[in-house]
Amino acid sequence: MDLLFLGTGAGMPAKARNVSSIALRLLEERKAVWLFDCGEATQHQILYTTIKPRKIEKIFITHMHGDHIFGLPGFLGSRSFQGGEEPLTIYGPAGIKEYVQSSLQLSFTHLKYPLEIVEIDEGLVFEDEQFTVEAKKLEHGVPSYGYRITEKDAPGMLLVDKLKEAGVGPGPVYKKLKDGETVQLEDGRVLSGADFLGAPKKGRVVALLGDTRTCPQILDLAQNADMLVHEATFGEEDELLAYQYFHSSTTQAAAAALEANAKKLVLTHISARYQNDDKDTLLSEAASIFPNTSVAEDFSCFEVERAND
C-alpha cells in the first residue's frame, strides 16, 4: 500500500506542481488503484507512472472546486478509449453526478465500462471484507470532505513450525487451520486454527483531507492514522490568509497531526506563491511541531507502513 502524488498544487497548474490528485495503490491488497481527486491533466500525469487506468476502480472526490474535478471527464473518456472495461465507481459530494453525466453527454463521450456515481454524506461510504472508507465534512467555502481509509485486520501467519512439532505435515489441513477452522485429524486429534496462528496483522489507516480550515473533524479522521495527508496551502506567516480563504497552514496541519497521534504527516496542495526554494522552509515549519513530516512533490511516493513493521 502506497500513496503516489500525481498533483500537489493549489488552485491552478504550475510548472513544478500540477493540481490535486493522489493515487492510493493497493496492488498487493486488491490489484487495484484508488484515486483521490482528479484535477486538470491528471491523465497526463498518469502517463509518467506505471499506473494503468483500467486498474483504477474507485475515484473519491473531496469537493467540487475545479482544481479537484476538471480532469475527470478526460480521464473517464481515455479509460474507455484505451479499452478499459472494468467497472468504475465515483464517490463525491452532491453535484458530482450531474457534473460527470453532463460532461460526458455534451461531449458525446460513450463509455465502454459500467460507471457508478455515488453522492456521499458523512459516515460510512464504502465497506467490503478488506477496507472501510468513512467521510466527514470539513470546513471550506463549499462542501468539502475528508476520507478515512481503514484496512481491516488480517489473520496472523500460520505457525508451521508448531504444526510440524505436533506431527502435522503440509496438506489441505493447513489451509483450514489458516482460515481459523477446527479440524479433526485421522488419528482423532482435534485442532483449533486459533492455536496455530500468530498475532493478527493490524490494518493500516490513511486519512486524506480535502481543502479545509482547522476544525475538530480533522482529528476524528486522523486519529491514530498511519498516514495523514493534509493540505498546507499557506506557510506559517500567512495563517490569516489561510483562514480567510478556508485553507490551512503548515503549522496548523502539523498541530493536527500531533493532536491526532498520527504516525506520519504528508503536506500537499501547496500554493503557487511558494517556489521550489521554499520547500525546505515549509517543511521546517511543520517539522518543528511534528517531526515525521514530508512535503509532497508531484510523483512523490510514500509507503504506508504497518505500525508493527
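That block above? That's the structure.
Note that the coordinates shown come from a computational prediction; the quantities given were computed from them, not determined experimentally. All residue numbers here refer to positions counted from 1 along the written sequence of the relevant chain. Local features in a predicted model are, by the rule used here, given only for residues with pLDDT of at least 70; side-chain atom pairs are given and counted only at 80 or more, and totals for whole chains, interfaces and linings are based on all residues. Each side-chain value is worked out from all heavy atoms of the structure, with water and hydrogens disregarded.

A. Spatial organisation of the pattern of salt bridges. Each reported salt bridge corresponds to a side-chain nitrogen of Lys or Arg within 4 Å of a carboxyl oxygen of Asp or Glu. One pass over the structure, following the stated rule, counts 13 salt bridges. Put simply, Asp220 and Lys136 hold a salt bridge, and the shortest N to O gap is 4.0 Å. With Asp220 in helix H8 (residues 216–222) and Lys136 in strand S8 (residues 131–137), this pair connects stretches of sequence that are 84 residues apart. Here's how the labels work: a residue is buried when its accessible area is under 20% of the maximum for its type, exposed when over 50%, partly exposed in between, all with a 1.4 Å probe on protein chains only. Asp220 sits in the partly exposed class, given a relative accessible area of 45%. Looking at Lys136, the relative accessible area reads 29%, which means it is partly exposed. Lys175 is the salt-bridge partner of Asp179, the closest N and O atoms lying 2.9 Å from each other. Among the residues examined, Asp179 registers a relative accessible area of 46% and is labelled partly exposed. Secondary structure elements follow DSSP: runs of H or I no shorter than four residues count as helices, runs of E no shorter than two count as strands, and numbering proceeds from the N terminus.

B. Expanded view of the sheet that holds strand S3 (residues 32–36). Paired strands, in this sense, are two strands between which DSSP finds at least two bridges. With respect to topology, seven strands assemble into an open sheet ordered S6-S5-S4-S3-S2-S1-S16, the strand pairing being mixed. A single partner strand is all that each edge strand has here, and the edge strands are strand S6 (115–119) and strand S16 (301–303). Taking the axes of each pair of neighbouring strands and ignoring which way they run, one obtains an average angle of 20 degrees across the sheet. In this sheet, strand S4 (residues 56–60) lies alongside S3 in parallel orientation, the contact comprising four bridges. Counterpart to Leu35 in the pairing with S4 is Ile59. We call two residues in contact whenever any of their non-hydrogen atoms come within 4.5 Å of each other. A fitted line through C-alpha atoms represents every axis, and for helices the fit uses only the stretch in contact; the resulting angles, taken between N-to-C directions, go from 0 to 180 degrees. In this fold helix H4 (residues 72–81) packs onto S4, strand S5 (88–92) and S6, with an angle of close to 170 degrees to the strand it touches most, S5. Across the sheet, helix H5 (residues 96–106) is in contact with S5 and S6; its angle to S6 comes to roughly 150 degrees.

C. Geometry of the packing of helix H10 (residues 250–260) against helix H11 (residues 279–287). Interaxial distance between H10 and H11 falls to 8 Å at its minimum, and their mutual angle equals 35 degrees. Every pair of crossing elements has a handedness; the one defined by H10 and H11 is right-handed. Two secondary-structure elements touch here, H10 through Thr250, Thr251 and Ala254 and H11 through Leu282, Glu285 and Ala286. Three categories are distinguished: nonpolar for Ala, Val, Leu, Ile, Met, Phe, Trp, Tyr, Cys and Pro, charged for Asp, Glu, Lys and Arg, and polar for the others, with Gly belonging to the last. Taken together, the residues that form the contact of H10 with H11 break down as three nonpolar, two polar and one charged. For any pair of crossing helices, the crossing counts as left-handed if the nearer helix is rotated counterclockwise from the farther one by less than a right angle, and right-handed if it is rotated clockwise.

Interpretation in functional terms is not warranted from these geometric data alone.
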